[in-house]
Amino acid sequence: MVMTGSQGATRKYKVWMRHRYHSCCNRLGELLGHPSFQVKTLLIRGIIRYVASSTHRRVRSSFSLWLSSSASYSTARIVQPLELALSALLKFVQLEGAHPLEKSKWEGNYLFPRELFKLVVGGLLSPEEDQSLLLSQFREYLDYDDTRYHTMQAAVDAVARVTGQHPEVPPAFWNNAFTLLSAVSLPRREPTVSSFYVKRAELWDTWKVAHLKEHRRVFQAMWLSFLKHKLPLSLYKKVLLIVHDAILPQLAQPTLMIDFLTRACDLGEC
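Quantities reported herein were computed from a predicted structural model and do not represent experimental measurements. Residue positions within a chain follow its written sequence, with the count starting from 1. Where local features are concerned, this predicted model is filtered to residues with pLDDT of at least 70; where side-chain atom pairs are given and counted, the filter is 80 or more; whole-chain, interface and lining totals use all residues. Water and hydrogen atoms were dropped before computing side-chain values, which therefore reflect all heavy atoms in the structure.

Caption draft 1: Inspection of the overall build of the protein chain at higher detail. Looking only at helices and strands, one finds 11 helices and zero strands in the protein chain. Secondary structure elements are taken from DSSP: a helix is a run of H or I of four residues or more, a strand is a run of E of two residues or more, and numbering for both begins at the N terminus. When the helices and strands of the protein chain are listed from N to C terminus, the series reads α-α-α-α-α-α-α-α-α-α-α. Using a 1.4 Å probe on the protein chains alone, a residue whose accessible area is under 20% of its type maximum counts as buried, one over 50% counts as exposed, and one in between counts as partly exposed. For the protein chain, buried positions account for 43% of its 270 residues. To be clear on the numbers: accessible area is Shrake-Rupley with a 1.4 Å probe, and residue cover counts the displayed protein chains and nothing else. Surface accessibility of the protein chain: about 15500 Å² in total, with carbon and sulfur atoms responsible for 56%.

Written out as structure tokens, the structure reads:
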């Protein structure tokens, strides 16, 4: 009976901690694009408080090492609270990916903290705030196959969500979205070795994220979901400047760009 009661209490505590974790991440995602400097500062304090209360020893020790290195780096330059917030959230992505909250259903099952990562990308694609500086920091994570793949998927979801919520989409969102989309660059040929941000003991050939063909498919869906909307005139010009070198060569079906190019010509931008 003692053992049963102990196990029940442990389970309740784990469930409570998981709710706390999700609540923390959701709040961080909401505040990522907040315009107030004071709120951004409180954001960092909240992250540190959460880590201090974490019961997962490996997560706590890994995060502490990262936080120490970030503190050392900040002595050489001024690190804005929002920059540190982005890095912290992405560190959560890496740690949750390495120590999944759910057990794999079968051997070789691909697990990635998609919902947490969507919060990060959603914060970067703020409808109100110019996130160009933060997006420039995020570019380095696009060198990894897994974060690049899931960034493209999350961008499609963000465009659908924001355009569905706003009858008149704010220009800040379109500019943020273009900055992110134009930063995505695919390798010209299938790489011999995959580079994953979330470290894996073993890579499986069945994972879509490990294949260039799947990246091109999602790349195409990302750009088409963006270009099907009525954009600010300035963005038509920016897209046309990169379309031939950076977009068309990576599309699985380049002819799907005809509608956008026709619309741009009608606007006098061709």
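Caption draft 2: Here's a closer look at the nonpolar core. Of all hydrophobic cores here, the largest spans 62 residues; its most connected members are F138, F219, W223 and F226. For the purposes of this description, domain bounds are those given by an automatic or database domain assignment. When residues of this core are assigned to domains, at least three map to each of domain 1 (1-102) and domain 2 (106-269). Beyond its immediate stretch of four places on either side in the chain, F219 contacts M152, V184, L186, A246, I247, Q250 and L251. Nonpolar cores were defined as sets of buried Ala, Val, Leu, Ile, Met, Phe, Trp, Tyr and Cys residues, with membership established by side-chain atoms within 4.5 Å. For this analysis, residues touch if any pair of their heavy atoms sits within 4.5 Å.

Caption draft 3: Examining the side chain of Q220 more closely. Secondary-structure assignment places Q220 in helix α9 (residues 212-227). Every residue in contact with Q220, bar those within four places of it in the chain, is listed here: L251, A252, Q253 and L256.

Caption draft 4: Looking closely at the pattern of salt bridges. Any carboxyl oxygen of Asp or Glu that lies within 4 Å of a side-chain nitrogen of Lys or Arg is treated as forming a salt bridge with it. Per the stated rule, a full pass over the model turns up four salt bridges. Salt-bridge contacts for R217 lead to E214; the nearest nitrogen and oxygen are separated by 2.8 Å. Residue R217 and its partner E214 are located together in helix α9, separated by three residues, close to a single helical turn. The partly exposed category is assigned to R217, whose relative accessible area is 42%. A single network of salt bridges, built from pairs that share partners, joins E115, K118 and D157.

Caption draft 5: Quick look at the packing of helix α8 (residues 171-183) against α9. Every angle, taken between N-to-C directions, lies between 0 and 180 degrees, and every axis is a line fitted to C-alpha atoms, over only the stretch in contact when it is a helix. Between α8 and α9, the least distance of the axes is 11 Å, while the angle of their chain directions is 155°. It follows that α8 is roughly antiparallel to α9 by the angle criterion. When the axes of α8 and α9 are compared, the crossing they make is left-handed. Here W174, A177, F178, L181 and S182 of α8 come into contact with α9, specifically with M222, W223 and F226. The residue inventory of the contact of α8 with α9, partitioned by class, reads seven nonpolar, one polar and no charged. Should an angle fall under 35 degrees it is taken as roughly parallel, and over 145 as roughly antiparallel, whereas 65 to 115 is taken as roughly perpendicular and any remaining angle as oblique. By convention, the crossing between two helices is left-handed when the near helix turns anticlockwise from the far helix through less than a right angle, and right-handed when the turn is clockwise. Gly counts as polar in this scheme, as do all residues outside two lists: the nonpolar Ala, Val, Leu, Ile, Met, Phe, Trp, Tyr, Cys and Pro, and the charged Asp, Glu, Lys and Arg.

Caption draft 6: Up close: the confidence of the model for the protein chain. pLDDT measures how confident the predictor is about each residue, on a scale from 0 to 100. Across the protein chain, pLDDT averages 79, with 73% of residues at or above 70. Confidence, expressed as mean pLDDT per element, reaches its minimum in the protein chain at helix α3 (residues 57-74) with 49 and its maximum at α8 with 97. Every residue in residues 51-55 is under pLDDT 50, and counting partners more than four places away or in other chains gives 10 contacts. Counted against residues more than four places away or in other chains, residues 70-79, with its pLDDT under 50, gives six contacts.

Caption draft 7: Quick peek at the packing of aromatic side chains. Side-chain rings of Phe, Tyr and Trp, where Trp is taken by its six-membered ring, are said to pair if the distance between their centres is within 6.5 Å; with planes under 30 degrees apart they count as stacked, over 60 as edge-to-face, and otherwise as tilted. The tally for this structure, following the rule as stated, stands at 12 aromatic pairs. Their ring planes at 55° and their centres at 5.3 Å tell us that Y144 and Y197 sit as a pair that is tilted. Of this pair, Y144 sits in the loop between α6 (132-138) and α7 (145-165) while Y197 sits in the loop between α8 and α9, placing them 53 residues apart in sequence. In this structure Y144 comes out as partly exposed when scored by relative accessible area, which is 25%. Residue classification places Y197 among the buried residues on the basis of a relative accessible area of 6%. Aromatic pair W174 and F226: ring centres 5.6 Å apart, planes at 70°, arrangement edge-to-face. Here W174 is found in helix α8, whereas its partner F226 is found in helix α9, with 52 residues between them in sequence. Each member of the pair, W174 as well as F226, carries the same accessibility label: buried. Every member of this aromatic cluster is reached through a ring pair, and the members are F112, F117, F138, Y141, Y144 and Y197.

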